[in-house]
Amino acid sequence: MSDVNRAPLRATYRLQLGTDLDFARAAELVPYVADLGCSHLYLSPSFQAREGSTHGYDVIDPGRVSDALGGEDGLRALAEVCHAHGMGIILDVVPNHMATDDGNRFWSDPELREKFFDVDPVSGRWRRFFDIDELAGVRMEDPEVFHAVSDLALRLVREGVIDGLRVDHPDGLANPREYLDRLREGGAENVWVEKILDPGEELRADWPVAGTVGYEFANDVAALFVDPAAERPLTELYDSLVDDPRPFGEVADEAKLEQATTSFRPEVERLERLWPEAPDLAAAVSILPIYRTYAEPALGHVEAADREALANQPDALRAVLTLDDVSSAPSEFVTRFQQTTPAVMAKGVEDTAFYRYTRLLALNEVGGDPSRFGITADQFHAGNAARLPHNLLVSSTHDTKRTGDVRARLVALTWMADEWAGAVRSWFEVNEPLRKSGAPTPSEELLIYQTLVATWPIEPDRLEAYLEKALREAKVSSNWISPNERHEAAVKAFAVGLIDHGPFRYGFDVIADRVAEIGARIALAQTLLKLTVPGLPDTYQGDELWKYALVDPDNRRPVDWQAHATALESLRAGSPPTAETAKLHLTTAALDLRRRRPESFATNNYIKVETSSDILAFLRGDILVATSIRDTSTGTTPWTLPTEATGTWHDVLSGETYDLPSGATLSGILGPTQLALLERT
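Residues numbered from 1 in each chain as written. Predicted model: local features only at pLDDT ≥ 70, side-chain atom pairs only at ≥ 80, totals over all residues. Heavy atoms only, no water.

## Focus: the sheet that holds strand E17 (residues 647-651)
Operational definition: We treat two strands as partners when DSSP finds at least two bridges between them. For the purposes of this entry, the term helix denotes a DSSP run of H or I that reaches at least four residues, the term strand denotes a run of E that reaches at least two, and both are numbered from the N terminus. Working convention: axes come from line fits to C-alpha atoms, limited for helices to the stretch in contact. Angles between N-to-C directions cover 0 to 180 degrees.
Taken together, the 6 strands give an open sheet; going across it, the order is E14-E15-E16-E19-E17-E18, and neighbouring strands pair in antiparallel fashion. Taken across any chain shown, the strands that pair with only one partner, and hence form the sheet edges, are strand E14 (607-609) and strand E18 (657-660). Each strand axis lies, on average, 25° off the axis of its neighbour in the sheet, ignoring direction. Pairing of E14 with strand E15 (residues 615-620) involves 3 bridges; the strand directions are antiparallel. Looking across to E15, one finds that Val 609 is bridged to Ala 617.

In structure tokens form, the structure reads like this:
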């Protein structure tokens, strides 16, 4: 391993391989990604998946690189192109599940199926990935199974073909810590886990990983720009329209219990068979405040965080899950309970409650808590100071409910809350003629207005496809199992009808323009922070230009790569940035700075700058970053730099140069963009 030359980690670029993007096409994009300033391609799963797979998560042979993508030769050729441009590759791997496909020899062979998959010997049902029958849970705790699933990936790491691994859904594994230890022992030094941390929850310190895939950052950077003063008017608007004053926590608990008693009833029944005397297990798996606990029965190990998370469980159950009582239930019960709660949480909260509770959709994001209405600058600083140096930083991924630019527009609603609330109330009146047979419901209508203003202009077919998914995920007026197509059609007709409804458009266009203006400003500020705070910034394919996409499959649409390359070439040739290329200009400037000044970004080198409450600023070595986090059109309170910031500075965004003496006040350096990215000269 020491003989392998690896590219220094600086910034990643996520590519979704599939029908329109294989290894050969990805290789053609390497010069563009390198010119953008990224150090690593970050590839979606690339092992043999079922025929026709569009995403690679339905693996049928983890011991073979996907033929459809170009096979191992194609992957090696891609790696060679990356290496020639000073880049490396990070690969997404799927240890938790494989596809229940006849082409999967581990599944089609009865003996191998029993060994490799977590099949219930009583019912014949199997542990699934969430509630997807076609994806069966793998017994990675078995060393033989681990090697069969992981050896190819580890060999590619040791040989220098890939530089690191992104581990999909480790919470589904029997023992994530043990699995990650085995990866490290196999030579994988750079590993990122798709671990969803609730606000305030910390990544387990004994996991040998570089960090998470970054959802906690995406939620924090959005919350930073949420104006807390908007909570009252937006809550009053929601309560008056939806007539459901319950806080989000109650909505989420209800949705989780629904999932535990319906979709995940087989998993709960399996737990009941293991411990027939257990208290109400459907309720138990629904009330856990985090995705899961990590007690290890074989070692008798339980952390304080596990005990805290289990505090609201019935006494008898809590004693078993904390290993204080090892006689009432078998250790298998503890393990399976911990594997079940993440699925209930994900499907109950992310894929149900987030579509029911529509107060402010900007907060309804993977790993987010819609009841947390913003965070302070000090809270954001604290998160930056505590983060692992190479934790991924994301604003958009293939799994986010909305891209960062859409989320920024929704955050903008908190900067104009009274104006927004008044407009929505008027729309509920003027759009009455478009409603048919009670469709849409008030909550659905509020979702429609937020979706329109955050993605405007949006094509009708994209809007209809999104609404169909949103209605079925909410599971109120429709669902995936028995869709209410009549109601869905009425909701779609209402939403599309708004596009040409004069009484609506008269007021909507003014609001949409204002939201787009504020949203762009917030999006640029969030992008600046993603590229400069401690961590490893990731750009989701195409997101270096404005990207107003909704949940998958909308966010996985093909990218116009030629348009992106042309825009970058224009900026590199000296053309001034335009409104269309402002985000690309910021991205390249910040990534160029990371490439030029690696010492400033190499560690958690981070000094908070004391400012007024509407400004966030920090130093990273010879880099000074500042942005407004509120509407500062009426001026800002002067803020003073620490002595470490004296000297001459060049703003790589505006081109201005500043000589900053000791004690200088700096509210003037932000300028009209309210952004500053300064390099000491």
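Next comes the rest of the description.
## Some remarks on the environment of Asn 604
The condition that has to hold: Throughout, exposure labels follow a simple rule: accessible area from a 1.4 Å probe, protein chains only, divided by the maximum for the residue type, with under 20% read as buried, over 50% as exposed, and the rest as partly exposed. Any two residues whose heavy atoms approach within 4.5 Å at even a single point are treated as in contact.
Locating Asn 604 in the fold gives a position in the loop between helix H24 (598-601) and E14. Look at Asn 604 and you get partly exposed, because its relative accessible area is 27%. Not counting the four nearest positions on each side in its chain, Asn 604 is found in contact with Asn 384, Ala 385, Ala 386, Arg 387, Leu 388, Pro 389, Pro 534 and Arg 620.

## With respect to the packing of aromatic side chains
Selection criterion: Geometry of aromatic contacts follows a simple scheme: Phe, Tyr and Trp rings, the Trp one being its six-membered ring, pair when their centres are within 6.5 Å, and the pair is stacked under 30 degrees between planes, edge-to-face over 60, tilted otherwise. Should the NZ of a Lys or the CZ of an Arg lie within 6 Å of a ring centre and within 35 degrees of the ring normal, that charge is described as sitting over the ring.
Applying the stated criterion to the full structure yields 24 aromatic pairs. Between Trp 427 and Phe 504, the aromatic rings sit 5.1 Å apart at their centres with planes inclined by 70°, giving edge-to-face as the arrangement. Placement of the pair is Trp 427 in helix H17 (residues 417-430) and Phe 504 in helix H21 (residues 502-532), with a sequence separation of 77 residues. Assigned by exposure class, Trp 427 and Phe 504 land together as buried. The structure contains a cluster of three or more aromatic residues connected by ring pairs, namely Trp 420, Trp 427, Phe 428, Tyr 449, Trp 456, Phe 504 and Phe 508. Lying across the ring of Tyr 42, Arg 14 places its NZ or CZ 4.7 Å from the centre. Geometry around Trp 107 places Arg 113 over its ring, the cationic atom sitting 3.8 Å from the centre.

## Let's talk about the side chain of His 97
For the record, the criterion: Distance and chemistry together define a polar contact, namely a pair of N or O atoms within 3.5 Å, with one atom able to donate a hydrogen and the other to accept it when in protein, and with adjacent residues in sequence counting only for side-chain atoms on both sides.
Summarising the element assignment, His 97 is placed in strand E6 (residues 97-99). Looking at His 97, its side chain comes within polar contact range of the main-chain oxygen of Tyr 57, at 3.3 Å. Side chain to side chain, His 97 and Asn 96 meet in a polar contact 3.4 Å long.

## Comments concerning the packing of helix H18 (residues 442-455) against helix H19 (residues 460-474)
How two helices pack is summed up by the angle between their axes together with the distance between the axes. We apply this condition: Oblique is the label for any angle not covered by the other classes, which are roughly parallel (under 35 degrees), roughly antiparallel (over 145) and roughly perpendicular (65 to 115). Two helices crossing with the near one rotated counterclockwise from the far one by less than a right angle form a left-handed crossing, whereas a clockwise rotation gives a right-handed crossing.
Two elements in contact, H18 and H19, have axes separated by 12 Å at closest approach and are oriented at 140°. One finds that H18 runs oblique with respect to H19. The two elements H18 and H19 cross, and the hand of that crossing is right-handed. Along its contact with H18, which presents Glu 444, Leu 447, Ile 448, Thr 451 and Leu 452, the element H19 presents Leu 463, Tyr 466, Leu 467, Ala 470 and Leu 471.

## Here's the deal with the state of the cysteines
Rules: The criterion for a disulfide is a pair of cysteine sulfur atoms lying within 2.5 Å.
Counted by the stated rule, this structure contains 0 disulfides. Cysteine Cys 38 shares no disulfide, and the gap to the nearest cysteine sulfur, in Cys 82, comes to 11 Å. Owing to a relative accessible area of 1%, Cys 38 belongs among the buried residues under this scheme. With a relative accessible area of 0%, Cys 82 lands in the buried category.

## Some words on the pairing of strand E5 (residues 88-93)
With 6 of 6 residues buried, E5 lies mostly within the body of the structure. The side-chain alternation of E5 yields two buried faces, one formed by Gly 88, Ile 90 and Asp 92 and the other by Ile 89, Leu 91 and Val 93. As judged from the 4 bridges shared by E5 and strand E9 (residues 164-167), these two strands associate in the parallel manner. The residue of E9 that forms the bridge with Asp 92 is Arg 166.

Nothing here speaks to function; it is geometry throughout.
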